[in-house]
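Single-letter residue listing:
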Amino acid sequence: AIGVVLVLLLIVGSVGLFGMNSMRTQTQQFMDISVASGKLVTRMVAAQGDVRRYEKDMIIGYEKPETVKQRRAQWDEARKGLDTLGRELAAISPAEDRAVIDRFKTAMDSYAEQASKVINQLESGGYDNAAVADRLLDAAKQRAGEAEKLLADLRGKLDEEAQEAKAHAETTRSRVLWIFVLVLAVAALIVVPLTLLNMVSICNPLAEAEALATAIAGGDLSRH
């Protein structure tokens, strides 16, 4: 009886530990990849916004060389930060996401190359007014718009992957719960009959001994 109970406890405990470990692993993967990726994409969106904002500031302040120079430095720094974030994201992303990140980088490099030509002229006061510079930036803006769309698509894809990971974790939790309940039911089906048999094997001889003792006390010595 003790051996059977110990085996059943081992089985039930093993199922519980397996379930806990499965959910812990999935949660850890979700935290390590999905959450980290989401944070990086959010920071990339903010950095992309800074790049475009500094670009607009240079156009607005085209008559002030010092302002243009200051915003140019900030524009370069924001682009470098965006590039660094892109490399960090690519390092933890699956192959299909890395392809999107590479396309984003290509679009931003093309934007920077085209925009730099106009910005160099802005720093040297080579345009008559802001409208001319803004018009010449149209091609660069188009590339930046493509990069922004790629980043938005990547963010949406990460959100979908996060929802899928959450659904998968919920499925695993439900499956482990049902397995645990099933194992408990099987354990009960084994323990209850064996316990009854064990009880009968102990109690019947005691009952027989009690009946014999009662008979002897009444003077009946014919029993064995």
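Look up a bit, the structure's there.
## Focus on the packing of aromatic side chains
- Across all of its chains, the model carries one aromatic pair by this definition.
- Here tryptophan 75 and tyrosine 111 contribute two aromatic rings whose centre-to-centre distance is 6.1 Å and whose plane-to-plane angle is 65°, an arrangement assigned as edge-to-face. With tryptophan 75 in helix α2 (residues 65-92) and tyrosine 111 in helix α3 (residues 95-123), this residue pair connects regions lying 36 residues apart in the sequence.
- For tyrosine 111, a relative accessible area of 0% corresponds to the buried category.
- Note that arginine 79 overlies the ring of tryptophan 75, its terminal NZ or CZ placed 4.5 Å from the centroid.

## Details of the environment of serine 116
- One can find serine 116 in helix α3.
- Residues serine 116 and alanine 140 lie 24 residues apart in sequence; the distance between their C-alpha atoms is 9.2 Å.
- Dropping the residues within four chain positions of it, serine 116 is found in contact with Arg72 and Trp75.
- From its side chain, serine 116 meets the backbone oxygen of alanine 112 in a polar contact 2.6 Å long.

## Here's the deal with the pattern of salt bridges
- If you walk through the whole model with that rule in mind, you get twelve salt bridges.
- Here aspartate 83 makes a salt bridge to arginine 87, at a shortest N to O gap of 2.4 Å. Of this pair, aspartate 83 and arginine 87 are both found in helix α2, four residues apart, which corresponds to roughly one turn of the helix.
- Residue class for aspartate 83 comes out partly exposed when judged on its relative accessible area of 26%.
- One salt bridge connects lysine 149 with aspartate 153, and the closest N-O pair in it is separated by 3.2 Å.

Thresholds applied
- Residues numbered from 1 in each chain as written.
- Predicted model: local features only at pLDDT ≥ 70, side-chain atom pairs only at ≥ 80, totals over all residues.
- Heavy atoms only, no water.
- Phe/Tyr/Trp six-rings, centres within 6.5 Å; stacked < 30°, edge-to-face > 60°.
- Helix = DSSP H or I, 4+ residues; strand = E, 2+ residues; numbered from the N terminus.
- Buried < 20%, exposed > 50% of the residue type's maximum accessible area, 1.4 Å probe, protein only.
- Lys NZ or Arg CZ within 6 Å of the ring centre and 35° of its normal.
- Contact = heavy atoms within 4.5 Å.
- Polar contact = N/O pair within 3.5 Å; in protein donor to acceptor, adjacent residues only side chain to side chain.
- Salt bridge = Lys/Arg side-chain N within 4 Å of Asp/Glu carboxyl O.

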